[in-house]
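# Residue-level structure breakdown
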Amino acid sequence: MSKPEEGARCSDCGLTTVRADLFRREPRSFRKDFRYYCPTCWATRHRQNQRNRWWWMAGMAAMGALSVRISPHDSFGWLLLNLVWLDICFIIAVTVHEFSHAFAGRLVGFRIFRVIVGSGRTWWRGALLGFDVEAKAFPFSGLTFGAPRQLERTPWKHLFFIAAAPLANVALVGLAALFIKDPISAPYTSDAFNGWFVLGLANFITVFLSLWPRTYQKEIGTKRSDGLFLLQLLSSKKRSEILEETHVGWFCMEAGACIEQGRFAEGRGWLDRGLAEFPKNIRLRESYVATLIAIGEYQAARSTAVELLAEIPPQHVRRLMVLNNIAYLDALLEDPALFDEADRYSTEALAAIPWHPALKNTRGVVLLALNRLDEALPLLRASANAPNQPPGSRAECLCTLAMAEARQDELAAAERYFTTARQINPQCPLLPRTETVLADMKSRKREARGAAEVSPG
């Protein structure tokens, strides 16, 4: 693995990282250097750009309709309306693309976990056409989560699952071409509504972007395009690795679906099945550690995480998450012999991924264990108030914040956080510990009040 870039500073919020490759990089205009953005700021910029896109669409639609109403052959008005229709056609193309993945996967026996259309805040989630569908605020991209229920020895089912989506868009290009009366002059017609031509153009662009072999940067890690996935499936060097990876994904996503619904024992069962088949798989073992943490089996989770740490290359981003998990477990096990390791590991992980709520919470928990309360509280508050966290993670953050506030003698705030954590996730393994800390602090406060009342003078 190549050596990661040196540190960088976010151009918006000023956050620094020792791993510039984990920030988004954009070239500066007319310059050779780059701007860097932490994933949080990049996501904020992306949401703002998408909101602006909606406003631009609304403005162009209103202006175009008005221009055409005043002058039916006004080229500028029709240009605006065609541009608005292009964005609508992109939404159609993305929706067809993702559902084609889903139907193709179902046809070859894959388990389709979820179809996501869009990015940003979720507007609606429910069952549609037999799939778990999530519609988001900015429907110009999408994801379909599916995996084979058994280890395939040949790539044909995977090829069909991936290729079906761009083929569906190609079919829409062909359909649109059938209704274009004059394909040669259509692109140059500026005083009319080019509905079919624009629909074909949007689907052509979608096919091109889908099949271009590249990776997309996620918050942590990357995602392959359909084109890169197809190339890797057809490559004899990557094929077996991809086939195993997708089947492993079935166990992990089944476990994730169970844990999302609070069925932790069932989720662990799926991971046990996966590990029985692939005992050395890193992704399965990472998921197993997270599940053990969620059910409060901290010693077993730490043992697995320590084994993992020895097997992950030093520069791999996964190592940072494993370091974070070990530090978190070291602190929760309350063994002073582990506190130095927790301090070192949590510092290293947070220095590389300083925006992530889970890593802020871990560092706060470690500082709390080290009795550095003034340093712990800002991190714990930031992690507890971070948006879009899974219920289980947020409940743990609120519990640790409640314990810190109680030690700060802020019992009212501690009670409030504890109550919220219990409402969010009644099965949170930190609830009993938090309740004990609160009861102990209340008892001490009563004793101190009683001693003050009976003291002379």
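For the structure itself, look to the data block above.
An account of the accompanying structure is given in this report. (Residues numbered from 1 in each chain as written. Predicted model: local features only at pLDDT ≥ 70, side-chain atom pairs only at ≥ 80, totals over all residues. Heavy atoms only, no water.)

Attention now goes to the overall build of the chain. Regarding its fold elements, the chain presents 16 helices and eight strands. Residue burial in the chain is summarised as follows: out of 457 residues, 45% are buried. Across the chain, contacts joining residues at least 24 apart in sequence account for 56% of those joining residues at least 6 apart. By element, 58% of the accessible surface of the chain is carried by carbon and sulfur atoms, the whole surface being about 23900 Å². One way to put it: in the chain the 55 positive side-chain charges average out to a point 4 Å from where the 46 negative ones average out. (Helix = DSSP H or I, 4+ residues; strand = E, 2+ residues; numbered from the N terminus. Buried < 20%, exposed > 50% of the residue type's maximum accessible area, 1.4 Å probe, protein only. Contact = heavy atoms within 4.5 Å. Areas by Shrake-Rupley, 256 points an atom, 1.4 Å probe, with all protein chains shown as cover. Lys, Arg positive; Asp, Glu negative; His and termini not counted. Charge placed at Lys NZ, Arg CZ, Asp CG, Glu CD.)

This paragraph deals with the side chain of Thr144. Tracing the chain through its elements places Thr144 in strand S6 (residues 131-147). For Thr144, a relative accessible area of 16% translates into the label buried. Looking at Thr144, its side chain comes within polar contact range of the side chain of Glu98, at 2.7 Å. In this structure, Thr144 is in contact with Glu98, His101, Ala102, Ile112, Arg114 and Val115, ignoring residues within four places of it in sequence. (Polar contact = N/O pair within 3.5 Å; in protein donor to acceptor, adjacent residues only side chain to side chain.)

In this structure the tally under the stated criterion is 10 aromatic pairs. Here a set of aromatic residues connected by ring pairs shows up, and it is made of Phe99, Phe103 and Phe131. For the cation-ring pair, Arg24 lies above Trp42, with the distance from its terminal atom to the ring centre recorded as 3.8 Å. Residue placement shows Arg25 over the ring face of Phe34; its charged tip is 3.9 Å from the ring centre. (Phe/Tyr/Trp six-rings, centres within 6.5 Å; stacked < 30°, edge-to-face > 60°. Lys NZ or Arg CZ within 6 Å of the ring centre and 35° of its normal.)

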